[in-house]
Amino acid sequence: MICHKAVVTRPRRTSRIDSWTIIAILGVLAALSPPLLAAPSDAGLHHEALMQARAGQHEDALGILASLVKRHPGEAPYLYDYVTVLGWAERDAEALSHLDAIDLETAPVYVLEALAKSARNLKRFPLSIRIYRAAAHRFPERIQSALGLAMSLADQGNGEEAAAVAGRMLQRHPGRSDILNTLAYVQLQQKNYFQALATYERVLASDPENRTAMRGRILITARLGAPHLAADMAARTPGMLTAEELDAIQRDRTAMAIRWGRLPDREDAPASRDSERAIASLRARLARVPGDGPPVRAKLQYDLMEALYDQQRHGEVITTFEELDSPAQALPDRVLTTAAGAYLQLKAPDKSLPLLQIVRQRNPENFDAALMLVYTHVDNENFDEARALANSLSEQEPPWRGGQEGTPLQPNPHKLEADVTAALVEAFAGDLEEAQARLETLLSNAPNNAELRSELAHINLWRGLPETALRESRIARALRPGLLNARLAEAVARLELYDFRNSHVLLREAEQRHPRAPGVKRLRRTWTVHNMRELYLTSGYGKSTGVQEGSEDFNIDAWLYSQPLKYRYRPFLYTHFATARFPEGDARYGRVGVGLEYRERRYRLVSTLTRDDDDSNVNAGLALSGLWKLTDHWHLGAGYDSNSNDIPLRGRLNEQVEGWSGKVDLTYYFHESRRIDTGLQYLDFNDGNIRNNASAVLSQRLFTRPHYRLDGSLGAYASSNTRDAAPYFNPARDLNLDISLVNEWLQFRRYERAFRHRLGFSLGSYYQKGFGAKGVGGLFYEQQWNPDDTFEISYGVSRARKAYDGAMENQTRLYLTLDWRF
């Protein structure tokens with residue numbers, strides 16, 4: 001008889017003992033009462049049928065008995081035996097079809113028990129109970145009838161009466177195994193699993209080889225959430241379970257291992273050993289599965305995908321997914337969301353999107369799939385869809401759950417997750433101010449929420465505020481020391497603040513605890529790029545309608561940095577070259593040098609030893625510069641150059657003018673959308689001229705959209721010179737005021753790959769002492785290409801109108817900037 005796989009099957013011993021008892025009774029009756037069974041030849045056939053039934057040859061026996069019943073319709077013994085053997089052959093419906101021809105008040109007990117058992121097999125429990133009651137009433141000492149009645153009552157859900165029947169029999173026959181096994185079955189039907197397990201243990205204490213109890217103990221152990229123990233017990237007693245039951249336990253064991261693999265340890269790191277064991281078990285079972293049906297193999301593949309995904313082995317998830325034979329529409333939601341998540345982590349959001357749309361369409365209430373769909377829209381640059389879905393989830397999720405029908409009121413974790421996701425979508429779309437405002441609102445209601453503080457730390461990093469991010473991430477780690485997101489935020493903040501050693505320590509700790517976590521992999525990539533060599537180059541070529549800065553000019557500056565040494569140091573090579581054409585001839589100046597960069601906890605110091613690129617004149621020089629990030633907002637810079645590149649080329653050509661310079665820069669950085677830069681420079685020429693200049697620029701983001709930005713700036717520049725009639729442009733005093741607008745369009749982006757272009761223009765007024773004010777302005781167009789996270793190149797063309805000593809000049813310029821890490 002087949003029963004629910006997760007419970008225990010109905011005790012078989014009772015039915016088997018009944019069968020052999022009935023056979024013996026029938027044999028005795030056949031031997032002792034031949035006159036009652038008609039002709040001797042039919043008696044012989046009847047005896048032969050009973051022997052065949054006893055040998056398990058049910059169909060042959062039933063053929064003989066059917067013919068006997070047909071020839072002797074009035075002979076009850078033939079019908080009794082025929083109905084009984086039909087029950088043995090599990091032809092239960094046929095057995096019950098003869099019920100009307102049998103008088104329950106006179107039929108032998110074995111016939112009643114056979115009919116009752118057939119009714120129970122067909123789940124006709126009221127009928128089974130009625131027949132068993134008749135048997136128990138007529139034969140009150142009959143144990144088999146009482147046990148059958150108890151099990152039928154339990155099947156129907158009348159557990160109390162079933163337990164009472166079994167209990168009465170146990171009082172009469174203490175310690176009898178078949179009665180205890182029946183009591184355990186009743187307890188199972190009542191979901192009293194621990195009581196049933198204890199009852200089976202009573203059986204095994206007196207009868208260690210009792211197969212019904214051994215089998216029941218294994219299945220209860222699996223049902224109680226210990227399939228690994230059940231599998232071990234089954235392995236020690238082979239043949240105890242059916243193949244289907246063993247497979248169910250193995251599936252439960254694997255599922256349990258997968259769930260355990262998701263549980264964090266004390267440092268919030270998943271217990272990967274359990275997941276790895278689950279993966280190994282699933283792969284082994286898949287290797288043995290060809291003999292099983294496709295559904296079994298598919299379920300194993302589904303479980304394997306989930307186990308691999310939990311271990312961030314996303315490539316293997318996709319390999320397994322693409323081996324499935326079924327179309328996406330026919331696959332379960334859990335398979336589609338697992339595959340979609342893996343595609344997302346492998347930076348293939350275009351493949352993730354259709355899978356999640358299928359899940360969303362057929363199950364709109366699937367919160368996890370909807371959340372993943374939000375991030376898929378983001379990675380596909382579909383920000384309108386991402387915003388709409390994220391805000392919809394935030395609005396739909398109630399703050400609290402429960403409070404009805406006596407259930408306690410509890411916070412809804414989906415509500416906070418949806419609110420945070422809606423805030424992050426704003427950040428991904430470029431509106432960092434809105435994202436920060438949303439997170440701070442949430443944090444005001446839950447100031448001790450470590451996850452919120454870690455997300456806010458990341459927003460501050462994106463806003464260019466690493467010290468604030470460091471503070472938030474450290475608070476988050478104090479609240480929850482093992483929180484990975486907070487550890488990652490702190491590591492990046494320390495990287496931005498030049499605290500490289502401690503940033504590296506945090507990375508290594510994260511890799512030890514979460515080696516495959518996507519955030520850890522991203523931080524590892526950031527650290528790898530940080531530790532590469534770097535080539536930074538700027539260059540330009542221009543033509544002008546005037547001669548003050550040359551009718552044609554070219555310049556290039558390049559720095560080649562080594563890999564960082566001992567975290568703080570980067571040696572580098574430097575070169576500068578500039579040339580311009582003047583009426584007096586072509587001016588040329590070159591400079592090469594070697595330097596050392598030192599970065600440590602908010603400080604950057606650079607020292608460069610140089611010499612002129614002229615074989616006839618070494619002219620050694622020293623350049624020093626420094627940057628001090630006092631806070632997130634105040635940045636102080638200073639520099640000294642013994643042979644400044646700012647000396648005009650025309651002066652070098654005509655009088656071999658040289659000079660040194662010193663400068664101080666002060667920046668107030670509000671956030672990514674606003675800053676004020678100021679600077680003072682002092683130039684001491686060797687021809688007696690001293691130039692002082694001051695500058696200030698206010699930059700402001702005016703408009704932000706996911707793929708478009710508009711930036712504006714107001715600038716002021718003023719200078720003074722002490723020499724008159726210099727052979728280079730040298731105004732006694734001047735002042736330039738301008739306003740600029742820059743449009744930026746993001747044409748393409750797929751993770752690190754991106755292409756942007758910009759169009760900007762400026763208008764202003766230039767005043768020069770002795771020549772009055774003139775209108776000036778400019779226009780530029782440029783493109784920026786990032787093929788990956790190690791290479792960036794910008795190039796463009798500009799057109800400017802400038803005033804020199806009252807004369808207007810038009811300049812056209814091509815320029816290029818390259819930043820390459822390798």
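Computed from a predicted structure; not experimentally measured.

1. Describing the overall build of the chain
Consideration 1: Helix and strand counts for the chain come out as 29 helices and 18 strands.
Consideration 2: Since a compact globule built from 822 residues should have a radius of gyration of about 28 Å, the 44 Å found for the chain marks it as more spread out than a globular shape.
Consideration 3: Expressed as lengths along the three principal axes of its C-alpha atoms, the size of the chain is roughly 150 × 55 × 45 Å.
Consideration 4: Counting the 822 residues in the chain, one finds 47% classified as buried.
Consideration 5: For the chain, contacts bridging at least 24 residues in sequence account for 52% of all contacts bridging at least 6.

2. Some points on the packing of aromatic side chains
Consideration 1: A complete count under the given rule lists 22 aromatic pairs for this structure.
Consideration 2: Ring geometry for F428 against W462: centres 5.7 Å apart, planes inclined by 45°, an arrangement best described as tilted. Residue F428 is located in helix α22 (residues 413-428), and its partner W462 is located in helix α24 (residues 450-462); the two are separated by 34 residues in the primary sequence.
Consideration 3: Classification of W462 as partly exposed rests on a relative accessible area of 40%.
Consideration 4: Through successive ring pairs, a cluster of aromatic residues spans Y375, F428 and W462.
Consideration 5: Over the aromatic face of Y561 sits the side chain of R570, whose NZ or CZ is 4.0 Å from the ring centroid.

3. Examining the pairing of strand β18 (residues 807-821)
Consideration 1: Where strand β3 (residues 534-544) and β18 come together, eleven bridges link them in antiparallel fashion. Paired with G542 across the two strands is R813, which belongs to β18.

4. A word on the nonpolar core
Consideration 1: The biggest cluster of nonpolar side chains holds 75 residues, and the ones touching the most others in it are I102, L115, I131, I218 and I249.
Consideration 2: Dropping the residues within four chain positions of it, I249 is found in contact with I218, L219, A222, P227, A230, A231 and L241.
Consideration 3: With 46 residues, the next largest nonpolar core counts M305, L336, A369 and L393 among its residues.

5. Re unusual backbone geometry
Consideration 1: For Y751, which is not a glycine, the phi torsion comes out positive at approximately 60°.
Consideration 2: When you line up the elements, Y751 lands in the loop between β14 (733-750) and β15 (753-768).
Consideration 3: Taking the relative accessible area as the measure of exposure, Y751 reaches 25% and is therefore partly exposed.
Consideration 4: For D805, which is not glycine, the phi torsion reads 50° and is therefore positive.
Consideration 5: Look at D805 and you get partly exposed, because its relative accessible area is 33%.

6. Re the packing of helix α21 (residues 383-396) against α22
Consideration 1: Where α21 meets α22, the closest approach of the two axes is 8 Å, and the angle between their N-to-C directions is 155°. One element, α21, and the other, α22, form an angle in the roughly antiparallel class. Once α21 is placed against α22, the crossing between them reads as left-handed. Residues F383, A386, R387, A390, N391, L393 and S394 of α21 lie in contact with α22, whose contacting residues are K415, A418, D419, T421, A422, V425, E426 and F428.

7. What to know about a nonpolar patch on the surface
Consideration 1: A cluster of nonpolar side chains, namely Y541, I676, L698, L714, I739, L759, F761, L763, L779, Y781, V797 and L814, defines an oily patch on the protein surface of about 990 Å² accessible area.
Consideration 2: Among the elements of the structure, β15 and β16 (772-788) are those that each provide at least two residues to the nonpolar patch.
Consideration 3: Of the residues forming the nonpolar patch, the biggest block, three residues, is contributed by β15.

8. Side note on the side chain of S713
Consideration 1: Among the secondary structure elements, S713 is positioned in strand β13 (residues 708-721).
Consideration 2: With residues up to four places along the chain from it excluded, the contact list for S713 reads V697, L698, S699, D738, I739 and S740.

9. Considerations on the environment of N743
Consideration 1: By the element assignment, N743 lies in strand β14.
Consideration 2: In this structure N743 comes out as buried when scored by relative accessible area, which is 14%.
Consideration 3: Residues N743 and L710 lie 33 residues apart in sequence; the distance between their C-alpha atoms is 4.7 Å.
Consideration 4: Once residues within four sequence positions are removed from consideration, N743 is found in contact with Y708, R709, L710, H757, R758 and L759.
Consideration 5: Within polar-contact distance, the side chain of N743 engages the side chain of Y708 at 2.5 Å.

10. Here's the deal with the side chain of T376
Consideration 1: Along the polypeptide, T376 turns up in helix α20 (residues 367-379).
Consideration 2: Leaving out residues up to four positions away in the same chain, T376 has contacts with L344, P349, S352, L353 and L356.

11. Some points on the pattern of salt bridges
Consideration 1: On inspection of all chains with the given rule, the structure shows 50 salt bridges.
Consideration 2: Residues joined in a network through salt bridges with shared partners are R477, E490, R494, D499, R568, E600 and R601.

12. Let's talk about the packing of helix α23 (residues 432-445) against α24
How two helices pack is summed up by the angle between their axes together with the distance between the axes.
Consideration 1: Direction vectors running N to C along α23 and α24 enclose 160°, while the axes themselves pass 10 Å from each other. Compared by their axis directions, α23 and α24 come out roughly antiparallel. With respect to the hand of their crossing, α23 and α24 are arranged in left-handed fashion. Note on element contacts: α24 touches α23 through L452, R453, E455, L456, I459, N460 and W462, opposite L432, A435, Q436, L439, E440, L442 and L443.
Consideration 2: Residue composition of the contact of α23 with α24, grouped by class: nine nonpolar, two polar and three charged.

13. Focus on helix α11 (residues 193-206)
Consideration 1: With 14 residues, α11 extends 21 Å from end C-alpha to end C-alpha; this agrees with the ideal 20 Å at 1.5 Å per step.
Consideration 2: For α11, the complete set of buried residues consists of Y193, A196, L197, T199, Y200, V203 and L204. Seen along its axis, α11 keeps its buried residues to an arc of 160°; they face one direction. The exposed set on the far side of α11, more than 90 degrees from its buried face, consists of F194, A205 and S206.
Consideration 3: Among the structural elements, α10 (177-189) and α12 (211-223) are those in contact with the buried residues of α11.

14. With respect to the environment of Y536
Consideration 1: Mapped onto the elements, Y536 comes out in strand β3.
Consideration 2: In the structure, Y536 is positioned 395 residues away from E141 in sequence and 100 Å away in space, judged by C-alpha atoms.
Consideration 3: Setting aside chain neighbours within four positions, we find Y536 in contact with D557, A558, W559, T817, L818 and D819.

Definitions and limits used
- Residues numbered from 1 in each chain as written.
- Predicted model: local features only at pLDDT ≥ 70, side-chain atom pairs only at ≥ 80, totals over all residues.
- Heavy atoms only, no water.
- Helix = DSSP H or I, 4+ residues; strand = E, 2+ residues; numbered from the N terminus.
- Rg over C-alpha atoms; globule rule 2.2 N^0.38 Å.
- Buried < 20%, exposed > 50% of the residue type's maximum accessible area, 1.4 Å probe, protein only.
- Contact = heavy atoms within 4.5 Å.
- Phe/Tyr/Trp six-rings, centres within 6.5 Å; stacked < 30°, edge-to-face > 60°.
- Lys NZ or Arg CZ within 6 Å of the ring centre and 35° of its normal.
- Pairing = 2+ DSSP bridges.
- Core = buried A, V, L, I, M, F, W, Y, C linked by side-chain atoms within 4.5 Å.
- Axes fitted to C-alpha atoms, helices over the stretch in contact; angles between N-to-C directions.
- Parallel < 35°, antiparallel > 145°, perpendicular 65-115°, else oblique.
- Left-handed = near helix turned anticlockwise from the far one by under 90°.
- Patch = residues over 30% accessible without salt bridge, like charges linked within 9 Å, V, L, I, M, F, W, Y side chains within 5 Å.
- Areas by Shrake-Rupley, 256 points an atom, 1.4 Å probe, with all protein chains shown as cover.
- Salt bridge = Lys/Arg side-chain N within 4 Å of Asp/Glu carboxyl O.
- Polar contact = N/O pair within 3.5 Å; in protein donor to acceptor, adjacent residues only side chain to side chain.
- Nonpolar A, V, L, I, M, F, W, Y, C, P; charged D, E, K, R; others polar.
- Expected span 1.5 Å × (residues − 1).
- Arc of directions from axis to C-beta.

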